[in-house]
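# Architecture at a glance
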Amino acid sequence: MKSKNPVRSSDIRESNEKLILSIIRENRSVSQSDVVSRTGLRAPTVLRFFTDLEERGYIRKAKAPEPVVQESEKRGRRPVYYEVVPESVYAIGLEFWLESASVVIEDFSGKVVYSRLEDISQRSGENLPEYLISFVRESIHHAELEDANIIGICVAAPGQVDVETGDIIQYSRKGLADINLRDVFHDELDLPVLIQNNSTAVAWDFYINGPGREHPSLFTLLIRAGVGGSFIDNREVFITKTHTTLEIGHIAVEYNGRACDCGSSGCLEAYISEQAILEDCACIPGIHTIDDFDTLPDAEQKDTVSACLEAKSGMLAMAVRNLISLFGPEMVLIVTRSQTLSEILADQVAIEVRKQSSDRWQGETYIASATYDPLRAGRGASELLFRQFLT
């Protein structure tokens, strides 16, 4: 029988240190007694951690939050509050897909200190990694950061991504396949590199900063050139045994249906990607790009679009119903680059799911819409890096 590696005291110390830093960062300012009550650690132990973290420049004394009378204050002892030092560390988030690339740099407090968006629609896959590295390097320069203060970069990539090895297994739309992004970025930038799927970066931002904040479990469907999915439950991102996020776009929704880029047929992506939606709505005057859905002149034309999308929404609802049965999320978020399109799809899917659902779980999952924002996706990537840094 294989013996387990013993748990070292240094591992426990590092784990407790990260837990304390995480609590301080998430709550903006906390006292040592707050940390004692939240963690169960002994007060002298917490004192040692606070002293060490303050000496190393990670935390500093802060103003007390809104006055709350505590027992200690009644006896004349006011607790000292602490906050993270914003400039102590920085995280870089990079998100890219067929059309654009965004870089967001956050300080330790979560404030965005630099952001930049670039159109990459005309760039080939062969030269794309080199360009993205240059893009990040220029962003670091413009933000005037020292490498020693950067904890790393999270690259949120499209397509099928192995988040453990850092490989892009395939992203046919840019001709990227069998390339290890982690090695490529690390070799050029000499920084720690976290690789994630861009659906997860989008989902994480909505989970901590958007409509998902009130729901412990969130399933996000991102509809752009393809259809991506990410499931987050109690701040944990679901990863398959093959180290990928969920290939939602290739769920079969019609037997022997439309041909898909993956080589199969009847995949959800063949009906609900941006290109498929635009092709099926081509008969509607004024609809040529995804942005056109947000400039519909009147309610009557919006009704026409809704009618055109009804069959697609039915297929999307079928996939969503199956995902709800499998994962049981409290919220499903449908994200596209158009607010109007997201709302139409979410409304129709909610109606169809209610029709198709059994009474056992009907109504337990809230279906909502959101609009894709590349800079928010970049911020989601940088927050994923802070999450790794603090766990």
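This section reports on the structure supplied with the text. (Residues numbered from 1 in each chain as written. Predicted model: local features only at pLDDT ≥ 70, side-chain atom pairs only at ≥ 80, totals over all residues. Heavy atoms only, no water.)

Buried residues dominate strand S7 (residues 150–157), accounting for 8 of its 8 residues. Bridging between strand S4 (residues 90–96) and S7 involves 6 bridges; their strand directions are parallel. Counterpart to Gly 93 in the pairing with S7 is Cys 154. Summarising the sheet, S7 and strand S11 (residues 193–197) pair through 5 bridges and their orientation is parallel. Note on S11: the bridge partner recorded for Ile 153 is Val 193. (Buried < 20%, exposed > 50% of the residue type's maximum accessible area, 1.4 Å probe, protein only. Helix = DSSP H or I, 4+ residues; strand = E, 2+ residues; numbered from the N terminus. Pairing = 2+ DSSP bridges.)

A sheet is described by the order of its strands in space; here 5 strands give the open sequence S14-S13-S12-S15-S16, paired in mixed fashion. On the outer flanks of this sheet lie strand S14 (236–237) and strand S16 (366–371), each paired with one strand and no other.

When you line up the elements, His 288 lands in the loop between helix H9 (274–280) and helix H10 (299–308). Under the relative-accessibility criterion, His 288 is labelled exposed at 61%. Sequence-wise, His 288 and Leu 278 are 10 residues apart; in three dimensions their C-alpha atoms are separated by 6.7 Å.

Gln 32, Asp 34 and Val 35 are the residues of helix H2 (residues 32–39) that are buried. Projected down its long axis, H2 carries its buried residues within an arc of 155 degrees, all on one side. Looking at the residues trailing H2, positive phi occurs at Gly 40, about 85 degrees. (Arc of directions from axis to C-beta.)

Another point: empty space enclosed by the protein. Left-over empty space is what a probe sized like a water molecule reveals as it rolls over the atoms. Following the criterion strictly, the structure yields 1 cavity of 30 Å³ or more and no others. The calculated volume of the largest cavity comes to roughly 30 Å³. Forming the boundary of the largest cavity are Val 202, Asp 205, Phe 206, Thr 371, Tyr 372, Asp 373, Arg 376 and Ala 377. Looking at the lining of the largest cavity, the element that brings in the most residues is helix H7 (residues 198–209), giving 3 residues. (1 Å grid on protein atoms, 1.4 Å probe; cavity = no way out; pocket = protein on both sides within 12 Å on 5 of 7 lines; lining within 4 Å. Points joined across faces, edges and corners; volume = space filled by probe spheres on them.)

Judged by nonpolar contacts, the single largest core of 81 residues is most densely connected at Leu 94, Phe 96, Val 136, Val 155, Ile 168 and Phe 185. It is helix H5 (residues 128–143) that contributes the most residues to this core, 8 residues altogether. Once residues within four sequence positions are removed from consideration, Val 136 is found in contact with Ile 92, Leu 94, Val 103, Ile 153, Phe 185 and Leu 189. Of all hydrophobic cores here, the second largest spans 41 residues; its members include Leu 221, Tyr 271, Ala 317 and Ala 350. (Core = buried A, V, L, I, M, F, W, Y, C linked by side-chain atoms within 4.5 Å. Contact = heavy atoms within 4.5 Å.)

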